Structure formats: C-alpha cells, structure tokens
Amino acid sequence: MPTGLPTDARGTVHFSHRTASGDFREADATVDCLATGGPVATLSAVITKSNGIPVGERIGLSIYDAHGHGRDRLGFSWGVANMDLDKDGNPYQPVVGTCMAPAPFAPITRGTFTVHSVELTDAPS
C-alpha cells in the first residue's frame, strides 16, 4: 500500500522483568509488526537474545496507555495459555503469528507507557 502497512515497521525492543518466582529475565527482539489504535499498541517481534525465551521465537506484546487515569497495562504472549491440540489430542504451544498479541492484561507496577496512535488514511480511490 502507498501509505504503508503494520508489517513495514522496523526496529528493536528490549524488555526485562522479574518472574513470580523472583528470577530476572530479559530479551532483545527485532520488530516485524507494529499497530496502534487509540491508547493501545500491539507489536510482534522475533527474539535475537534472551535468557528465558528461545532465540528465533516470535513474541507478541501489547500496551495500554491509561493517560494518567489508572495504571498502564502490558500483554505478553508467553504469559497466557497459548496452547492448542494436535491431531492426537496432545497439547502443544503454537507459533505466535505476525501482528498477533494478547490484550494488555497485566497492570504495570512502575513507570508508564506512551502510545502515539496514528490514524489510518483513506484508501486511494
């Protein structure tokens, strides 16, 4: 498209957090999709360096910017039950697709996010 697509996004993302058990996890990933809508942004990215997620795995992240009205929220694909069943009924973790991320379900405890939404332009006639 002349005005671009979410999959035209390029860049990197770095994140770190403590797990419920207290372990420190961090990762770097190459962004392959970014979309915004109002106070929400979603992105998918492929892990390039991590001490918890396999290199090469695609992850999905979502952000909700509460604009000072409550706490901002974060969604992350490895924090939800992303399971499916194979033809024999055995569970497995399916691949996260490009531009896919869960809703921002987890309130952040420190810091804030800022989402700058970009309105879509009308398609050329």
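For the structure itself, consult the block above.
Residues numbered from 1 in each chain as written. Predicted model: local features only at pLDDT ≥ 70, side-chain atom pairs only at ≥ 80, totals over all residues. Heavy atoms only, no water.

Asks: Which parts of the structure should I look at to understand the overall build of the chain?
Replies: Regarding its fold elements, the chain presents zero helices and eight strands. Reading the chain from its N terminus to its C terminus gives the helix and strand order β-β-β-β-β-β-β-β. Expressed as lengths along the three principal axes of its C-alpha atoms, the size of the chain is roughly 50 × 40 × 25 Å. The 125 residues of the chain split such that 26% are buried. Within the chain, counting contacts between residues at least 6 apart in sequence, those at least 24 apart form 47% of the total. Carbon and sulfur atoms provide 56% of the accessible area of the chain, an area that totals close to 8,400 Å². (Helix = DSSP H or I, 4+ residues; strand = E, 2+ residues; numbered from the N terminus. Buried < 20%, exposed > 50% of the residue type's maximum accessible area, 1.4 Å probe, protein only. Contact = heavy atoms within 4.5 Å. Areas by Shrake-Rupley, 256 points an atom, 1.4 Å probe, with all protein chains shown as cover.)

Asks: Just to check I follow, could you spell out the sheet that holds strand β8 (residues 106-107) for this structure?
Replies: By definition, the strands of a sheet pair up through backbone hydrogen bonds, in either a parallel or an antiparallel sense. Overall, antiparallel pairing links the six strands, which are arranged β1-β2-β3-β4-β5-β8 in an open sheet. Each having just a single partner strand, β1 (12-18) and β8 make up the two edges of the open sheet. In this sheet, strand β2 (residues 24-37) lies alongside β1 in antiparallel orientation, the contact comprising seven bridges. Residue Thr 12 lies in a different strand from β2, and its bridge partner there is Thr 30. (Pairing = 2+ DSSP bridges.)

Asks: Looking at this structure, how should I read the state of the cysteines?
Replies: One covalent bond between the sulfur atoms of two cysteine residues makes up a disulfide. One pass over the full model with this rule turns up one disulfide. Across the disulfide, Cys 33 is cross-linked to Cys 99 (sulfur-sulfur distance 1.9 Å). Across the S-S bond of Cys 33 and Cys 99 the torsion is about 100°, and the bridge reads as right-handed. Here the residue Cys 33 occupies a position in strand β2, and Cys 99 occupies one in the loop between β7 (91-92) and β8, the gap between them amounting to 66 residues. (Disulfide = S-S within 2.5 Å.)

Asks: So what exactly am I meant to see when it comes to the environment of Asp 23 here?
Replies: Relative to the helices and strands, Asp 23 is located in the loop between β1 and β2. Taking the relative accessible area as the measure of exposure, Asp 23 reaches 36% and is therefore partly exposed. With 17 residues separating them in the primary sequence, Asp 23 and Pro 6 have C-alpha atoms 33 Å apart. Of note is the side chain of Asp 23, whose polar atom sits 3.4 Å from the side chain of Ser 21. (Polar contact = N/O pair within 3.5 Å; in protein donor to acceptor, adjacent residues only side chain to side chain.)

Asks: Explain the pattern of salt bridges to me, please; I cannot follow it from the model alone.
Replies: Opposite charge on two side chains permits them to pair, given that their charged atoms come into close proximity. Applying the stated criterion across every chain, the model contains two salt bridges. Linking Asp 23 and Arg 25 is a salt bridge whose minimum nitrogen-to-oxygen distance equals 4.0 Å. Judged by relative accessible area, which is 31%, Arg 25 ranks as partly exposed. (Salt bridge = Lys/Arg side-chain N within 4 Å of Asp/Glu carboxyl O.)

Asks: Got a minute to help me understand the packing of aromatic side chains in this structure?
Replies: Each pair of aromatic rings is reported with the distance of its centres and the angle of its planes. Going through the model one piece at a time under the given rule, you end up with three aromatic pairs. Taking 5.1 Å as the distance between ring centres and 20° as the angle between the ring planes, the aromatic pair formed by Phe 15 and Trp 78 counts as stacked. A residue pair is termed long-range when its members are at least 10 positions apart, and Phe 15 in strand β1 and Trp 78 in the loop between β5 (73-76) and β6 (84-85) qualify at 63 residues. A relative accessible area of 13% places Phe 15 in the buried class. With a relative accessible area of 27%, Trp 78 lands in the partly exposed category. (Phe/Tyr/Trp six-rings, centres within 6.5 Å; stacked < 30°, edge-to-face > 60°.)

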